Amino acid sequence: MVYRLALLSTMMLLLAVGSNAGGIAIYWGQNGGEGTLADTCSTGNYDFVNLAFLATFGNGQTPMINLAGHCDPYSNGCTNLTTDIKSCQAKGIKVMLTLGGAAGSYYLTSAADAKQVATYLWNNFLGGKSSTHPLGEAVLDGIDFDIEGGTTQHWDDLARYLSDYSGKGKKVYLTAAPQCPFPDAYIGTALKTGLFDYFWVQFYNNPPCQYSGGITNLEDAWKQWTTEIPATKIFLGLPASPTAAGSGYIPVGDLTSQVLPAIKGSAKYGGVMLWDKYYDDQTGYSSSIKSHV
């Protein structure tokens with residue numbers, strides 16, 4: 001009887017710990033030296049892989065994907081990624097297409113423009129009908145918004161139009177990578193729609209709200225994000241190495257002993273996002289933190 005009670009209490013403890021366990025999201029696509037997409041998913045470290053970036057779209061432009069040294073979209077070279085995408089999804093990993101980035105050419109001029117972009121994304125990446133399919137026939141799990149320029153307008157329209165496609169059978173996940181100063185300068189309005197499933201907030205290159213030896217600024221910003229924005233889960237976005245960003249890198253020891261214990265109690269805690277796979281390869285950051293996330 002005592003043994004059974006001990007076993008039961010151990011199981012309950014494991015369940016309690018497990019319920020607070022998070023995942024790791026990684027960005028892939030901006031360095032040809034970071035390995036293949038299939039290799040990325042085979043590490044077993046990641047729950048989400050964001051393909052970065054669809055850097056050109058909107059305002060009448062022909063949408064164009066940019067996966068750096070991985071493939072040439074101009075010669076349909078990225079269609080070969082279909083097999084890799086499907087192998088990731090077979091492992092239960094969600095594969096997202098990231099819009100924007102720090103150096104893209106993107107702009108939404110109107111709600112009609114947003115609808116046109118949403119239609120393009122649905123037809124080419126999310127299961128609709130198209131003669132092009134830049135990434136081949138694979139159907140991605142959703143769209144990630146990393147909007148760091150262009151306009152502050154109509155991203156909420158784009159989110160609504162994309163969300164409408166979830167009613168056509170397969171759910172279209174919506175995620176975003178806002179900067180930690182609240183509210184986000186570009187997509188603050190869109191984030192309040194309640195249509196986004198996950199946010200990976202960038203707690204780097206933003207000294208007022210990132211970790212810098214002390215946790216107060218980060219913790220205050222984290223509380224604001226988790227209380228004022230409707231989302232299923234919120235992830236702590238970090239650089240995977242000191243050279244992956246201008247500032248905001250958190251040494252593994254500090255992350256596991258100070259930062260994660262301070263934020264994991266939040267019901268909206270989802271895990272950690274890392275920029276990016278190339279830098280993670282250099283440091284082994286995800287492997288070092290995985291058991292703590």
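For the structure, see preceding data.
Residues numbered from 1 in each chain as written. Predicted model: local features only at pLDDT ≥ 70, side-chain atom pairs only at ≥ 80, totals over all residues. Heavy atoms only, no water.

A. Broad picture of the pairing of strand β7 (residues 173–176). Here β7 shows a buried face lined by Tyr173 and Thr175 and a second buried face lined by Leu174 and Ala176. The pairing of strand β6 (residues 142–147) with β7 spans four bridges and is parallel. Bridging from a neighbouring strand, isoleucine 143 pairs with leucine 174 of β7. Of the crossover connections in this fold, the one passing from β6 over helix α5 (residues 155–164) to the parallel β7 is right-handed. By the bridge criterion, two bridges tie β7 to strand β8 (residues 198–202) in an arrangement that is parallel. Within β8, the residue paired with alanine 176 across the bridge is phenylalanine 199. (Buried < 20%, exposed > 50% of the residue type's maximum accessible area, 1.4 Å probe, protein only. Helix = DSSP H or I, 4+ residues; strand = E, 2+ residues; numbered from the N terminus. Pairing = 2+ DSSP bridges. Right-handed = clockwise from strand over helix to strand, strands pointing away.)

B. Spotlight on the environment of isoleucine 215. Within the secondary structure layout, isoleucine 215 lies in the loop between β8 and α7 (216–228). Assessed through its relative accessible area of 18%, isoleucine 215 is described here as buried. On a C-alpha basis, the gap between isoleucine 215 and alanine 262 in space is 8.5 Å, while along the polypeptide they are 47 residues apart. Excluding anything up to four places from it in sequence, isoleucine 215 contacts Gln258, Val259 and Ala262. (Contact = heavy atoms within 4.5 Å.)

C. Here's a closer look at the pairing of strand β2 (residues 48–57). Of all ten residues in β2, nine are buried, a share of seventy percent or more. Relative to β2, strand β1 (residues 23–28) runs parallel, the two being bridged by four bridges. Looking at β2, one finds that isoleucine 26 is bridged to valine 49. Direction of pairing for β2 relative to strand β4 (residues 94–101): parallel, over a ladder of six bridges. If you follow alanine 52 over to β4, its bridge partner there is threonine 98. Of the pairings in the sheet, the one linking β2 to strand β5 (residues 105–106) comprises two bridges and is parallel in character. Within β5, the position partnered with threonine 56 by the bridge is serine 105.

D. A look at the packing of aromatic side chains. This structure, assessed with the given rule, holds 22 aromatic pairs. Aromatic pair tyrosine 27 and tryptophan 275: ring centres 5.5 Å apart, planes at 50°, arrangement tilted. In this pair, tyrosine 27 is assigned in strand β1 and tryptophan 275 in strand β10 (residues 269–275), connecting sequence segments 248 residues apart. Judged on exposure class, the residue tyrosine 27 and its partner tryptophan 275 are both buried. Residues tyrosine 173 and tyrosine 198 carry aromatic rings whose centres are separated by 6.3 Å and whose planes lie at 15° to one another, so their mutual orientation is stacked. Here tyrosine 173 is found in strand β7, whereas its partner tyrosine 198 is found in strand β8, with 25 residues between them in sequence. Residue tyrosine 173 is classed as buried on the basis of its relative accessible area, which comes to 19%. Joined through ring pairs, the aromatic side chains of Phe48, Tyr173, Tyr198, Trp200 and Phe235 make up one cluster. Geometry around tyrosine 173 places lysine 171 over its ring, the cationic atom sitting 4.9 Å from the centre. (Phe/Tyr/Trp six-rings, centres within 6.5 Å; stacked < 30°, edge-to-face > 60°. Lys NZ or Arg CZ within 6 Å of the ring centre and 35° of its normal.)

E. Looking closely at unusual backbone geometry. The omega torsion across phenylalanine 182 and proline 183 is -10°, close enough to zero to call that bond cis. Position of proline 183 among the secondary structure elements: in the loop between β7 and α6 (188–191). Cis rather than trans, the peptide bond between tryptophan 275 and aspartate 276 has omega equal to -15°. In this fold, aspartate 276 is placed in the loop between β10 and α9 (277–283). Not every positive phi belongs to a glycine, and histidine 133 is a case in point at roughly 50°. Looking at the secondary structure, you find histidine 133 in the loop between α4 (111–125) and β6. According to the relative accessible area criterion, histidine 133 is buried, its value standing at 10%.

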